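Overview (structure and organization)
Chain by chain, the residues:
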Amino acid sequence: MTVTLRPATTDDLMAVGALHRRSRVAAYSSFLPAEALAEPTAEAMGRYWVERWGWERDDHLMTVAERDGELLGFTYLGPDDEGDPATGLLNAIHLDPAERGRGTGRELMIDALATMRKCGRRRAVLWVLAENSSARRFYERGGWTPTGVERKDSIGSAITRQLRYARPL
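Below is a summary of the structure that appears in this document. (Residues numbered from 1 in each chain as written. Predicted model: local features only at pLDDT ≥ 70, side-chain atom pairs only at ≥ 80, totals over all residues. Heavy atoms only, no water.)

1. What about the sheet that holds strand E2 (residues 61–67)?
Worth spelling out the cut-off: A strand pair is defined by DSSP finding two or more bridges across the two strands. For helices the rule is a DSSP run of H or I covering at least 4 residues; for strands it is a run of E covering at least 2, with both sets numbered from the N terminus onward. Each axis is a line fitted through C-alpha atoms, taken for helices only over the stretch in contact, and angles between the N-to-C directions span 0 to 180 degrees. Any two residues whose heavy atoms approach within 4.5 Å at even a single point are treated as in contact.
Read across the sheet, 7 strands follow the order E1-E2-E3-E4-E5-E7-E6 without closing on themselves; strand pairing throughout is mixed. The open sheet has two edge strands, strand E1 (4–7) and strand E6 (145–155), and neither has a second partner. Recorded for the sheet is a direction-independent mean angle of 25° between the axes of neighbouring strands. In this sheet, strand E7 (residues 158–168) lies alongside strand E5 (residues 123–129) in antiparallel orientation, the contact comprising 7 bridges. Residue pairing in the sheet places Leu 126 in a bridge with Tyr 165 of E7. The strands that helix H3 (residues 42–56) touches are E2, strand E3 (70–79) and strand E4 (87–95); relative to E3, the one it contacts most, it runs at about 35°. On the sheet, helix H5 (residues 133–141) packs against E4, E5, E6 and E7 and is oriented at approximately 165° with respect to E5.

2. Thoughts on the packing of aromatic side chains
We count it as follows: Between the rings of Phe, Tyr and Trp (Trp by its six-membered ring), a pair exists once the centres lie within 6.5 Å; its type follows the angle of the planes, with under 30 degrees stacked, over 60 edge-to-face, and the other angles tilted. Remark: exposure states derive from per-residue accessible area (1.4 Å probe, protein chains only) relative to the maximum for the residue type, with buried under 20%, exposed over 50%, and partly exposed in between.
Enumeration over the complete set of coordinates arrives at 8 aromatic pairs. Here the aromatic rings of Trp 49 and Tyr 76 are separated by 4.9 Å at their centres, their planes lie at 80°, and the arrangement is edge-to-face. Here Trp 49 is found in helix H3, whereas its partner Tyr 76 is found in strand E3, with 27 residues between them in sequence. Per residue, the accessibility class of Trp 49 equals that of Tyr 76, and both read buried. Judged by centre distance (6.5 Å) and plane angle (55°), the rings of Tyr 139 and Tyr 165 are tilted.

3. Here we look at the layout of surface pockets
Note the following rule: A pocket here means an open set of points on a 1 Å grid, computed over the protein atoms alone, that has protein on both sides within 12 Å along at least five of seven lines. A cavity is instead a set of points where a 1.4 Å probe fits but cannot get out; residues with an atom within 4 Å of a point line either one. Grid points are joined across faces, edges and corners, and a volume is the space filled by probe spheres set on the points.
Volume-wise, the largest pocket comes out at about 1400 Å³. Lining the largest pocket we find 50 residues, and of these Tyr 28, Ala 92, Ile 93, His 94 and Tyr 139 sit closest to its centre. Among the elements of the structure, helix H1 (13–28), H3, E4, helix H4 (104–118), E5, H5, E6 and E7 are those that each provide at least two residues to the lining of the largest pocket. Per-element accounting of the lining of the largest pocket gives the leading share, 7 residues, to E4.

4. Comments concerning the pattern of salt bridges
Threshold: Salt bridges, as used here, are contacts in which a Lys or Arg side-chain nitrogen is within 4 Å of a carboxyl oxygen on Asp or Glu.
Throughout the structure, instances matching the rule amount to 12 salt bridges. Residue Asp 12 pairs with Arg 6 through a salt bridge whose shortest N-O separation is 2.8 Å. The buried category is assigned to Asp 12, whose relative accessible area is 11%. With a shortest N-O distance of 3.0 Å, Glu 66 and Arg 6 are connected by a salt bridge.

5. Comments concerning H3
Cut-off, in case you're wondering: To estimate the expected span of a helix, count its residues, drop one, and scale the result by 1.5 Å. Throughout, the arc means that of the directions going from the helix axis to the C-beta atoms.
Taking 1.5 Å as the rise per residue, H3 with 15 residues should run 21 Å; its terminal C-alpha atoms sit 21 Å apart, in good agreement. Listed as buried for H3 are Met 45, Gly 46, Trp 49, Arg 52 and Trp 53. Taken down its axis, H3 places every buried residue within 130° of arc, on the same side. Turned more than 90 degrees from where H3 packs its buried face, Glu 43, Glu 51, Gly 54 and Trp 55 sit exposed.

6. Observations regarding the nonpolar core
Nonpolar side chains tend toward joint burial in soluble globular proteins. Note the threshold: Throughout, nonpolar core names a set of buried Ala, Val, Leu, Ile, Met, Phe, Trp, Tyr and Cys residues whose side chains join them through atoms within 4.5 Å.
If you look at the biggest cluster of nonpolar residues, it comprises 21 residues, and the most contacted ones within it are Leu 90, Met 109, Leu 126, Val 128, Tyr 139, Trp 144 and Tyr 165. Elements represented by at least two residues in this core include exactly E3, E4, H4, E5, H5 and E7. Residue contributions to this core peak at 5 residues, all from H4. Those residues within four positions of Leu 90 in sequence are excluded, and the remaining contacts are Thr 75, Tyr 76, Leu 77, Met 109, Ala 112, Met 116, Val 125, Leu 126 and Trp 144. Among the nonpolar cores identified, the runner-up in size contains 12 residues, and Ala 8, Trp 53, Val 64 and Tyr 76 belong to it.

Following this line, the structure appears as structure tokens:
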């Protein structure tokens, strides 16, 4: 069965939120405490995406992956968070945990990079949790390299260290 990629619509956003929550819990539960991942709920994540999309839809792009009408994953692209007009930011790439290792993430990444190139970007950046070794391997296999820039953020009650990765387009 073929995976289809398409631009997201507002009708997708609640399902995107639920998938985002499942993805986070599956990806982060080996290194973040359960209480940090307990919130937000799937519904709250959906509302978050509805609100965020309302503010950012003019300069951000969301693509969803689906098979037989079932949401499998998504990407969310936007302008560089440091203001470089030649750089695009991969804000998010998330997969349903059952899709890991099936090539859907790779298809979403290839599409995201091609979309950034079409938008005139020459470089792509992203932030990844330092402890998320699986995601870091995925990005490194795709040609991304750490820039040496770090930041701290929180997921629930947990303070996390994030690494900035970049790659040419």
